[in-house]
Amino acid sequence: MSQEFVIRGGRVVDAEGERTADVLIRNDVVVEVGVGLAAPVELDGSGCLVLPGLVDLHAHLREPGHEEAETIETGARAAALGGYTALVAMPNTEPPVDSAAIAGHVLGLGREAPCDVHTAGAITVGRHGETLAPLGEMWEAGVRVFTDDGNCVADSRVMRRAIEYALALPGAVVAQHCEDPALVEGGHMHEGAWSSRLGVPGRPGFAEDVIVARDIALARATGGRVHFLHISTAAAVEMVRQAKAEGVRVTAEATPHHLALTDEMCATWDPAFKVNPPLRPETDVDGVRRGLLDGTVDAVATDHAPHPPEEKDQPFAEAPPGMLGLETALAVVITELVATGLMDMETVVRRFSFAPAAIAGLSRHGRPIRAGEPANLCVVDVDATWEVDPVGLASRARNTPWAGRKLTGRVRHTILEGEPVVVDGEARR
Amino acid sequence: MKHLLGIADLDRTELDGLLDTASHFLEVTQREIAKVPALRGRTVASVFYEDSTRTRLSFEGAAKRLSADTLTFSMSTSSVSKGESLRDTAKTIEAMGVDAMVVRHSSAGAPHRVANWVEASVINAGDGGHEHPTQALVDAFTLRNHRGPSIDGVHVGIVGDIRHSRVARSNVLALTMLGARVTLIAPPTLLPPSLDGWPVSAVSNLDDVLGDLDVVYLLRIQRERVGGRGPGELFPTLREYTARFGLTAERAARLRPDVLVMHPGPMNRGVEIAHEAADGPASLVTEQVANGVAVRMAVLYRLLGAGGEE
């Protein structure tokens, strides 16, 4: 790890703008950013953008309990290949991360991984939505994001107590999976024109809206922080926009799939397109895109959710929800929003790195690229096109909705704490 | 045609072709020796993940009258109870040498998945709340025989749980493709959440449109939709349903004499249909069943016989 190298010939992009510069790294620190820098080891940055390492607020790594789908190691490798230097693992493992002991176990496994692995903790014991989990003990263990993700905390009283209790834990945030369980029970796709035609029980968009509306009210009343996971409806985005204008302490993330795919994809009957919250119609996709562009949606998060083929290769209704995301997220956003001229790369850096690092309280990530900062970087060829081949992904699972799609933007190198963990698109460990 | 997965995949020419072929086979089924050698040496497997008597018997009868061999797979006696996946089951059945698989499954789209996994032709015999194409062909065929050759402009009212009904979805597509006018009649909770793109109108009061209908098509009411327990509840009581949407003896008596009454079966007598209507002269219920064999012969023949793309 104690080495010196230079990323040569790239254009550095962070919140301070874009400039042509080499980046000299020694040990785990950026020591100099400037032109004509030299070092014994060089990484080729020509034709590339050098970005702060990406931060994923929302990744299901499945360990412990479902190592047949993903492990912390394989998930972290997928993350590194996707340009991520940090991620927050979701707590819906078996057993769930609802105690400091299990959080410590996950963090321990993450220490060897080629990505900085953090874990979220459950809000309630067993993620059952009834009794508060020991949030303080998990906070002491380093947990900052609390969520029952996969499940919505439906009980208003429990949610109120969680938000209030977390006020005493500096940097802690309560994150909600916004789908009213009573309204989505038995549903497998967005309720609307397509579900009606296909005869598939639906999960209505207003199931998200009612929870977002309620939790905004709870955040306003308590003064606490709430983060909305994978926001997916235009109405929910608009409510968050108004709440933020009012000063309510809410943040939101959106996934690449909700920014780019519609519920029409379910007509293929391919369970790769089954996800919760479900893919929505064009009007919602537009609303989420607008929210991401104007900052109402703070962050892009993957909701990377691996499932083994034997579980996904079933009839639509019987397959579990979820799709892979870590290796494709940046490319999807570059393809859909940057290459089309809707978003610039500085905004990409804010949504993929600065904002998620701030929301999760990760002080070594989401930093500007300048001397003295931690060397967590990714180097991206934004013009490279590639076709997604599920078999070629580093994730243990294959359930990508982007199979066969041509995407623009490919990660060339990823630098984690000064160590090149991905070089020329290949994972080093 | 390689598969019959839904009416949504058919065009008008294919639909007319199937109905014309069914007319020919209806004549065959009425012969003294009601059997032709068209599919001798071919094997048709029925793969039923849901209980069914009439559809399965109808398909197997159709296959036998075409001299095809039949295999039957039913969930209760199968390795599904041992945890085998649909994909493995489909591959296993195909490996036994079948040319067509007739698939019924409680999950919408399951036959479409099977069609991706196997080389055999796949016929959808009902997938969840999605489609039941052969039922719609039977109904269109039956209606055509009474009002045909064209059913253009015939006003069909489909009454009942449209929301969960694969029969309704396939019939809306088939009947409107043939030019019929379709009105859906149900309480709002039993209508699909969206009718965007459906070439139909919808009302929630049967008596408002009853006098304007040429055909009253009643759907079976599933008892688990009733009552206030759990997410299935969509209307308060069977009695209230019958009073507002049932074809009661009183409503049947008000129908014009030329109005036809249809039901895909099995019927809940006294709920969606009174026995006076089910057994009355306007009822086509038995004829629908009788036509089922001829229509399914036509489907098998088109997919596997000289009418197919073999």
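Procedures and definitions
- Residues numbered from 1 in each chain as written.
- Chains lettered and ligands numbered in written order.
- Predicted model: local features only at pLDDT ≥ 70, side-chain atom pairs only at ≥ 80, totals over all residues.
- Core = buried A, V, L, I, M, F, W, Y, C linked by C-beta atoms within 7 Å.
- Buried ≥ 20, exposed ≤ 12 C-beta atoms within 10 Å, placed from the backbone.
- Helix = DSSP H or I, 4+ residues; strand = E, 2+ residues; numbered from the N terminus.
- Contact = placed C-beta atoms within 7 Å.
- Pairing = 2+ DSSP bridges.
- Axes fitted to C-alpha atoms, helices over the stretch in contact; angles between N-to-C directions.

Caption draft 1: Layout of the nonpolar core. One finds Val23(A), Val50(A), Cys115(A), Phe146(A) and Val240(A) to be the most contacted residues of the largest nonpolar core, which totals 140 residues. No other element matches helix H13 (residues 345-360) of chain A, which puts eight residues into this core. Apart from residues lying up to four places away in sequence, Val240(A) is in contact with Val212(A), Phe228(A), Ile231(A), Val250(A), Ala252(A) and Thr296(A). Of all hydrophobic cores here, the second largest spans 88 residues; its members include Ala174(B), Tyr217(B), Met262(B) and Ala277(B).

Caption draft 2: Local environment of the environment of Ser58(B). Residues and elements named next belong to chain B. Along the chain, Ser58 turns up in helix H2 (residues 54-65). Expressed as a C-alpha distance, the spacing of Ser58 and Ala294, which sit 236 residues apart in the sequence, is 8.9 Å. When sequence neighbours within four positions are dropped, the list of residues in contact with Ser58 reads Gly292, Val293 and Arg296.

Caption draft 3: Broad picture of the sheet that holds strand S17 (residues 299-300) of chain A. Residue and element names in this part refer to chain A. Reading across the sheet, the five strands line up as S11-S12-S15-S16-S17 and stay open at both edges, with parallel pairing between neighbours. Edge positions in the sheet fall to strand S11 (145-147) and S17, since each of these pairs with one other strand and no more. Here three bridges tie S11 to strand S12 (residues 173-176), and the two strands are oriented parallel to one another. By the bridge assignment, Val145 is partnered in S12 with Val173. The strands that helix H7 (residues 206-222) touches are S12, strand S15 (226-228) and strand S16 (250-254); relative to S15, the one it contacts most, it runs at about 160°.

Caption draft 4: Structural view of the sheet that holds strand S1 (residues 43-48) of chain B. Residues and elements named next belong to chain B. Read from one edge of the open sheet, four strands run S2-S1-S3-S4, paired in parallel fashion. Both edges of this open sheet fall to strand S2 (69-74) and strand S4 (121-127), since each of them pairs with a single strand only. The average undirected angle you get between the axes of adjacent strands in this sheet is 15°. Of the strand pairs in this sheet, strand S3 (residues 100-105) and S4 are connected by five bridges, and their pairing is parallel. The residue bridging His105 from the neighbouring strand is Asp127, located in S4.

Caption draft 5: A look at the pairing of strand S7 (residues 49-52) of chain A. Residue and element names in this part refer to chain A. Bridge count between strand S2 (residues 11-14) and S7: two bridges; the pairing is parallel. Bridging across to S7, Arg11 finds its partner in Leu49. Judged from the four bridges that link them, S7 and strand S18 (residues 377-387) form a sheet pairing that is antiparallel. Of the residues in S18, the one forming a bridge with Leu49 is Val380.

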